[in-house]
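# Inside the fold
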Amino acid sequence: MDSDERVCPVCGQPVETVVRRHKTLGAWVPVWTSGPCHNPECEASADKAAESGGDHGSAPAGKSS
């Protein structure tokens, strides 16, 4: 693990470190990455993305009436 504090690439504010995983040679290995930005004035803010909602789940794919 690295001891450097992670920052948002857009606004430079500190963000939390989260653990994700990926499969390598059949084994799941941890990868420490930057978490979402929670700065309300930042373009990359996770809070703004949640407010906009997007098209996620609005209609089932491949279904027609």
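The rules behind these values
Residues numbered from 1 in each chain as written. Predicted model: local features only at pLDDT ≥ 70, side-chain atom pairs only at ≥ 80, totals over all residues. Heavy atoms only, no water. Helix = DSSP H or I, 4+ residues; strand = E, 2+ residues; numbered from the N terminus. Contact = heavy atoms within 4.5 Å. Phe/Tyr/Trp six-rings, centres within 6.5 Å; stacked < 30°, edge-to-face > 60°. Lys NZ or Arg CZ within 6 Å of the ring centre and 35° of its normal. Pairing = 2+ DSSP bridges. pLDDT = per-residue confidence, 0-100.

## Some points on the side chain of Arg6
Residue position: Arg6 is located in the segment before strand E1 (17–24). Those residues in contact with Arg6 that lie beyond four places of it in its chain are Gln13, Pro14, Val15, Thr17, Trp32, Thr33 and Ser34.

## Some thoughts on the environment of Ser45
Relative to the elements of secondary structure, Ser45 occurs in the loop between strand E2 (27–34) and helix H1 (46–52). Linking Ser45 and Cys8, residues 37 residues apart in sequence, is a C-alpha distance of 9.1 Å. Residues contacting Ser45, with those up to four places away along its chain left out, are Cys37, His38, Asn39 and Pro40.

## Some points on the packing of aromatic side chains
Scanning the entire structure with this criterion turns up zero aromatic pairs. In this structure, Arg21 is placed above the aromatic ring of Trp28, and the distance from its NZ or CZ to the ring centre is 4.1 Å.

## Side note on the pairing of E2
One ladder, built from eight bridges, connects E1 with E2; its direction is antiparallel. From the neighbouring strand, Arg21 faces E2, where its bridge partner is Pro30.

## Looking at the confidence of the model for the protein chain
Averaged over the protein chain, the pLDDT score is 75; the fraction of residues at 70 or greater is 65%. A low-confidence stretch, residues 55–60 stays under pLDDT 50, and its non-local contacts, those more than four residues away or across chains, total zero contacts.

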